[in-house]
Amino acid sequence: MGSHERPNTEKFERGTLKKHYSKDKKLNAGLKKVDRQYKEAVRAAAGTDILLQEEAGFLEAEGPMEKTFKFKQNELADAVDQGTANKKFDLKLPEFGPYNLDYLRNGRELLLVGKKGHIASLDWRKGAISSEHYVNETCHAIKSLHNDQYYAVAQKKYTFIYDKTGTELHRLKQHIEATLLDFLPYHFLLATAGNTGYLKYHDVSTGDLVSELRTKLGPTQAMKQNPWNAVMHLGHGNGTVSLWSPNMSTPLVKIQASRGPVRDLAIDREGKYMAVAGMDKSLKIWDLRKLSEVDSYYTPTPASSLDISDNGLLSVGWSSHVTIWKNVFKNKQKDPYMNHLLPGSKVEKACFVPFEDVLGIGHQHGFSSIIAPGAGEANFDALELNPYETAKQRQQQEVRSLINKLAPDTISLDPNVIGTVDKRASSIRLGPGQIDDIKNNGEKKMDIRADVKGKNSALRKHMRKKRQNVIDERKLRIEKNLKVEKDARQRRHREFKGIPEEKDLLGPALARFK
Amino acid sequence: MKVKTINRSSDTYVPVRNTQESALPRNLNPALHPFERAREYTKALTATKMERMFAQPFVGQLGNGHRDGIYCIARNFATTNQVATGSGDGVIKYWDMSLRQETASFRAHRGMVSGLCVTPGTSTMISCGDDKTIKMWSVKSTDFEGNDDNEVYNQGQGLVKTYLAEHSLKGLDHHREDPVFVTGGALIQLWDVNRNNYILNLSWGADNVNSVKFNRTQTNIVASCGSDNSIVLYDIRTNTAIQKVVTSMRTNALSWNPMEAFNFASANEDHNAYLWDMRKLDRSLNVYKNHVSAVMDVDFSPTGEEVVTGSYDKTLRIFRTREGHLREIYHTKRMQHIFSVSYTTDARYILSGSDDTNVRVWRTNASDRLAIKSARHRSKLEYDAALKERFKHMPEIKRIARHRHLPTVVKKAGEIKRVELEALKRREDNDRRHSRPGSKPYIPERRKHVRGTAIKDDGEK
């Protein structure tokens, strides 16, 4: 299958191939073999494209006068097939709103939580409620864990884990006043952030708190994971977005994303782009590979919720509207793709359903599910996430994913860094203990010390004590020696950095008589 | 308005009946498979751990073994499950490996059995011993049917023919097809199976020949190693020796590579085994280090990919032919000095004969199991093997894959040896540092042990 050239192989390529190998013939042969295998694999993968069963949805205007954002949901529901039309529905829940929501990763289960303590989980396609209960305290967020059996709710003080029937399983007493929840499915980490300004990672498979990171930036306003590298993106009150991994106590990156507090953010599934909405009514698109701003949009009122679908639609909830943008990562758009109004009900959260052309909106008076053609990934991979999985498959998948659980310390900006050679200097690469080990084993090299070190030596103290205007022999000698030492240090430093020696342009004064 | 949405029919994906398999559509788009590398690494790590968990190299011993140390093992190249062994008290046994029972046992010689082989085609084996005789034995059970074991054992039934030699013999090997065999000892002689006397004397100045081996691909080539530290190659078509190489210490055994006819391995007294190219004997192709005592026997796997060595240090080590580090080390508490090792013809097992009178059966791959595997299991194992290969250089995987528990004696001996070698090297380096540059050149490890060859490249003797 991988023996001949195929079109559309770019999608399956991972990095570029090296043109030149090493001088070692044996190694070259091995590397060439690896490259050949890789090429064959890419072609074989491209060959499977024709086997995909489903096609992605779309919504197009006919004629120059029609605009896609003018279409109402009712018109759409009439135009699409009955199965899709059934997916458009509203739940009127006026008492406990506004409603926050979360979909299971395979798009099957919907979790709803009202601010005033109403928690419900339902199979939204069948319209069957799995569990529903009232906790009589403020609930901020809800998040499903690795499958439909468990979910976490951020409540007034603690975060709780419930099972499918609504039974409380755990009270996470370390997670105090969390308002934002996220779950890293491959690492089995529950991440919480909230009013305390701490980002905490909790391993839900072992029950250990993996790390707690102090952001030092006040209450966290928004939190989303980058699904591509499991880095957590936190939005703060001063308009910065900081990127965190559990093994670093400082943020990996800090971005000044908006002028006012960050309202919400969203990251696409390949971790290439980030959308950030701020209190200053801005909506900015960032390229996460270059860490630069791509485009800037505005919202009439500060946006409350952002989400990016599998196929790259961006939903923006602002006031009682939801606007959906298409192709915002490719170029600047003039008009949105779709619009939806929820009269008199502020949008709390809008989420695309995985593998479906549906957008779920949690708002002041309940929940609405609307049709968003072209949002979802049409062809799922059943060995990864299966919307049609049976109980048996779910159990097996759970075991398999627990066996393949990734260690928290593998989280980094580049997810493919594992197995590569770190070419940085050992002083940067290694920790203090490891460096000592190497030093004790190997030859001792002359250290290049920073200039700041030893500034307060006995000698300098002596120099300071002496009166400035008194010049004696010892002082001169010391000054001269210090200067020689400083020069030598700087020369070594230059050598270490590879800066070539500067030549004295004029040379010594007597050289001209030679 | 043109509109289309995803609308999957659940009939396509959900099985209608219980007996139906549910559809598992795949999409290989990398966007749907995040953390590819990290997940593969985790799988490789798990696979490595599983491999070590399932590593049980020792299968068992053959029957009740012998009553004296085992000094030769010969396999029947026509089958996968039959081997012959000879011991120090002059008894030879023929074994059925699948039952792990002996099918024949003969008191063949007075004194040690020093050479043994199974003849191709005819079901006989030939043994030679210290008592100056070569004997041919039938291994067909019909020849001695009706007699009980004791009778066969004592009466010497099954003996087909006896050849008388003038000196005590050491080492014996049969030609792959022709009815001739070669014996070592004071002289190296070629015998025809159908004649009573030897037909050719190939000796070239050796004191005593320890081991002789026919090449099984280039079938007329014979290699021998003698107690004068030499390895000699002969061609029986021209009745002459081809080349002789003298090493720094004695070679105990030889084994031809069954796939690359011109390569052979030698087990040396200096704790190493060497890989040689018979066309270029002034250096060896590879050095298999790591034993802490003399290597007594060496055998190539039938694929030519691996080499097994048995040593006086009571361990058995497996090396990949082209790699420098050992792949595996086997030992048990009760195993004594190993004098003979052999792969089985299907390369799945290794036999070792040692001083403690037992013939032990080992797995070639410690975590491999004989049971028939389902296609799914097999593909899983292949996938795991590929992953392990890919991530073998990662520190944690490397550590787990390489870790072996060693007997204290061997470990200690290894440490002492390392210190000694380091001291020697340091001394040599110091020497070099204080002599005129170029006067003490580096000698490659692969050339160090070669004292010289008899015939130089330019033909001068």
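Above this text sits the structure in question.
Residues numbered from 1 in each chain as written. Chains lettered and ligands numbered in written order. Predicted model: local features only at pLDDT ≥ 70, side-chain atom pairs only at ≥ 80, totals over all residues. Heavy atoms only, no water.

(A) How the structure looks around the overall build of chain A. Counting its regular elements, chain A contains eight helices and 29 strands. A compact globule built from 514 residues would reach a C-alpha radius of gyration of about 24 Å, whereas chain A, at 30 Å, exceeds it by more than 25%. With the principal axes as the frame, chain A shows a C-alpha extent of 100 × 65 × 55 Å. Here chain A holds 514 residues, and 45% of them are scored as buried. Accessible area of chain A: about 28,400 Å², with a carbon and sulfur share of 52%. Averaging the positions of the 83 positive and the 65 negative side-chain charges in chain A gives two centres separated by 11 Å. (Helix = DSSP H or I, 4+ residues; strand = E, 2+ residues; numbered from the N terminus. Rg over C-alpha atoms; globule rule 2.2 N^0.38 Å. Buried < 20%, exposed > 50% of the residue type's maximum accessible area, 1.4 Å probe, protein only. Areas by Shrake-Rupley, 256 points an atom, 1.4 Å probe, with all protein chains shown as cover. Lys, Arg positive; Asp, Glu negative; His and termini not counted. Charge placed at Lys NZ, Arg CZ, Asp CG, Glu CD.)

(B) How the structure looks around the sheet that holds strand β22 (residues 292-298) of chain A. Residue and element names in this part refer to chain A. Taken together, four strands build an open sheet; the order of strands is β19-β20-β21-β22 and the sheet is antiparallel. One side of each edge strand has no neighbouring strand; the edge strands of this open sheet are β19 (262-267) and β22. Adjacent strand axes in the sheet meet at a mean angle of 20 degrees, parallel and antiparallel pairs treated alike. Pairing analysis gives five bridges linking strand β20 (residues 273-278) to strand β21 (residues 282-287), with the strands arranged antiparallel. By the bridge assignment, Tyr273 is partnered in β21 with Asp287. (Pairing = 2+ DSSP bridges. Axes fitted to C-alpha atoms, helices over the stretch in contact; angles between N-to-C directions.)

(C) Structural view of the sheet that holds strand β5 (residues 91-96) of chain B. Residues and elements named next belong to chain B. Taken in spatial order, the four strands make up an open sheet running β3-β4-β5-β6, and their pairing is antiparallel. Two strands in the sheet have a free side with no partner beyond their single neighbour: β3 (70-75) and β6 (101-107). With direction set aside, neighbouring strand axes in the sheet form an average angle of 20 degrees. Both β3 and strand β4 (residues 82-87) contribute to a ladder of five bridges, which runs antiparallel. Looking at the pairing, Ile70 lines up with Ser87 of β4.

(D) Highlighting the nonpolar core. Formed by 41 residues in total, the largest nonpolar core has its most connected members in A:Leu199, A:Tyr201 and A:Val241. A per-element tally of this core places helix α2 (residues 36-53) of chain B first, with four residues. In this structure A:Leu199 touches A:Ala191, A:Thr192, A:Ala193, A:Ser211, A:Glu212, A:Leu213, A:Met223, A:Met232, A:Leu234 and A:Trp244, once residues within four positions along its chain are discounted. Counting 22 residues, the second largest nonpolar core, distinct from the first, contains A:Ala77, A:Ile324, A:Val347 and A:Ile370. (Core = buried A, V, L, I, M, F, W, Y, C linked by side-chain atoms within 4.5 Å. Contact = heavy atoms within 4.5 Å.)

(E) Expanded view of a positive patch on the surface. Residue and element names in this part refer to chain A. Residues Lys67, Lys70, Lys72 and Lys334 make up a contiguous surface patch of positive charge. With respect to the secondary-structure elements, Lys72 resides in the loop between β1 (58-60) and α2 (73-79). Lys72 sits in the exposed class, given a relative accessible area of 52%. (Patch = residues over 30% accessible without salt bridge, like charges linked within 9 Å, V, L, I, M, F, W, Y side chains within 5 Å. Salt bridge = Lys/Arg side-chain N within 4 Å of Asp/Glu carboxyl O.)

(F) Layout of the state of the cysteines. All names here are of chain B. In the structure shown here, the tally under the stated rule is zero disulfides over all chains. The thiol of Cys72 is not disulfide-bonded; the next cysteine sulfur, from Cys128, is found 7.5 Å away. A residue is classified by how much of its surface remains accessible, and Cys72, at 8% relative accessible area, is buried. (Disulfide = S-S within 2.5 Å.)

(G) Spotlight on a nonpolar patch on the surface. A cluster of nonpolar side chains, B:Met50, B:Met53 and B:Phe54, forms an exposed patch at the surface whose accessible area comes to about 320 Å². Relative to the elements of secondary structure, B:Phe54 occurs in the loop between α2 and β2 (58-61).

(H) Seen up close, the interface of chain B and chain A. Counting residues at the interface gives 35 residues for chain B and 60 residues for chain A. When chain B packs against chain A, the two sides together hide about 4,600 Å² of surface, and 58% of this comes from carbon and sulfur. For chain B, the biggest contributors to the area lost against chain A are B:Met1, B:Arg8 and B:Phe35; these three give 18% of the whole. Linking chain B to chain A there are four salt bridges. The partner of B:Arg26 in a salt bridge is A:Asp381, with the nearest N and O atoms 2.9 Å apart. (Buried area = accessible area lost by both parts, 1.4 Å probe.)

(I) Structural context of empty space enclosed by the protein. All names here are of chain A. Here the structure, examined in full by the defined rule, presents three cavities of 30 Å³ or more. Counted as a void, the largest cavity has a volume near 40 Å³. What lines the largest cavity is His175, Ile176, Glu177, Ala178, Thr192, Ala193, Gly194, Thr196, Tyr198 and Lys200. Here the lining of the largest cavity takes three residues from strand β12 (residues 189-194), the largest share from any one element. In terms of residue class, the lining of the largest cavity is made up of four nonpolar, four polar and two charged. (1 Å grid on protein atoms, 1.4 Å probe; cavity = no way out; pocket = protein on both sides within 12 Å on 5 of 7 lines; lining within 4 Å. Points joined across faces, edges and corners; volume = space filled by probe spheres on them. Nonpolar A, V, L, I, M, F, W, Y, C, P; charged D, E, K, R; others polar.)

(J) The arrangement of the packing of α2(B) against helix α5 (residues 395-402) of chain B in detail. All names here are of chain B. Two elements in contact, α2 and α5, have axes whose closest approach is 9 Å; the angle formed by their N-to-C orientations is 10 degrees. Comparing the axis directions of α2 and α5 gives the class roughly parallel. Here α2 contributes Tyr41, Ala44, Leu45, Thr48, Lys49 and Arg52 to the contact with α5, which in turn contributes Glu396, Ile397, Ile400 and Ala401. The residue makeup of the contact of α2 with α5, split by class, is six nonpolar, one polar and three charged. (Parallel < 35°, antiparallel > 145°, perpendicular 65-115°, else oblique.)

(K) Representation of the environment of A:His4. Residues and elements named next belong to chain A. Along the chain, His4 turns up in the segment before α1 (25-47). Among the residues examined, His4 registers a relative accessible area of 44% and is labelled partly exposed. A C-alpha to C-alpha distance of 9.8 Å links His4 and Lys39, two positions 35 residues apart in sequence.

(L) Structural detail: the side chain of A:Arg394. Residues and elements named next belong to chain A. As for its placement among the helices and strands, Arg394 is situated in helix α4 (residues 391-403). By relative accessible area, Arg394 is classed as buried at 17%. For Arg394, the contacting residues outside a window of four places in its chain are Asn147, Asp148, Gln149 and Glu389.

(M) Up close: the side chain of A:Glu356. Here A:Glu356 lies in the loop between β27 (347-352) and β28 (358-363). A polar atom in the side chain of A:Glu356 sits 2.8 Å from the side chain of A:Lys87. In this structure A:Glu356 touches A:Lys87, A:Trp124, A:Arg125, A:Ala375, A:Gly376, B:Ile6 and B:Arg8, once residues within four positions along its chain are discounted. (Polar contact = N/O pair within 3.5 Å; in protein donor to acceptor, adjacent residues only side chain to side chain.)

(N) Spatial organisation of the pairing of β22(A). All names here are of chain A. For β21 and β22, the ladder comprises six bridges, and the chain directions are antiparallel. Among the inter-strand pairings, Ile285 is bridged to a residue of β22, identified as Asp295. From the end of β21 to the start of β22, which pair antiparallel, there are four residues, and Leu291 there has a positive phi angle of about 55 degrees.

(O) View of α2(B). Taking 1.5 Å of rise per residue, the 18 residues of α2(B) would be expected to cover 26 Å, and the 25 Å separating its terminal C-alpha atoms lies within 8% of that figure. Among the residues of α2(B), B:Arg37, B:Ala38, B:Arg39, B:Glu40, B:Tyr41, B:Thr42, B:Ala44, B:Leu45, B:Ala47 and B:Thr48 are the ones counted as buried. Buried residues along α2(B) sit against α4 of chain A together with α4 (375-390) and α5 of chain B. (Expected span 1.5 Å × (residues − 1).)

(P) Region of interest: the packing of α2(B) against α4(B). All names here are of chain B. Contact geometry of α2 with α4 gives a least axis separation of 8 Å together with a crossing angle of 105 degrees. Regarding the angle of α2 to α4, the classification is roughly perpendicular. Touching Arg37, Glu40, Lys43, Ala44, Ala47, Thr48 and Glu51 of α2 are Tyr383, Asp384, Leu387, Lys388 and Arg390, all from α4. Residues of the contact of α2 with α4, tallied by class, amount to four nonpolar, one polar and seven charged.

(Q) Region of the structure containing the pairing of strand β18 (residues 240-247) of chain B. Residue and element names in this part refer to chain B. For strand β17 (residues 230-235) and β18, the ladder comprises six bridges, and the chain directions are antiparallel. From the neighbouring strand, Ile231 faces β18, where its bridge partner is Val245. Following β17, the chain reverses through four residues before pairing antiparallel with β18; Asn239 in that reversal takes a positive phi of roughly 60 degrees. One ladder, built from three bridges, connects β18 with strand β30 (residues 450-453); its direction is antiparallel. Bridge pairing in β30 places Val246 opposite Gly452.

(R) Expanded view of α1(A). All names here are of chain A. The first and last C-alpha atoms of α1 sit 33 Å apart over 23 residues, in line with the 33 Å expected at 1.5 Å per residue. Restricting attention to buried positions, one finds in α1 the residues Asn28, Asp35, Val42, Arg43, Ala45, Ala46 and Gly47. By the N-cap criterion, in which a side-chain oxygen at the helix start approaches the backbone nitrogen of a residue two or three places on, α1 is capped by Asp24, the distance to Lys26 being 3.1 Å.

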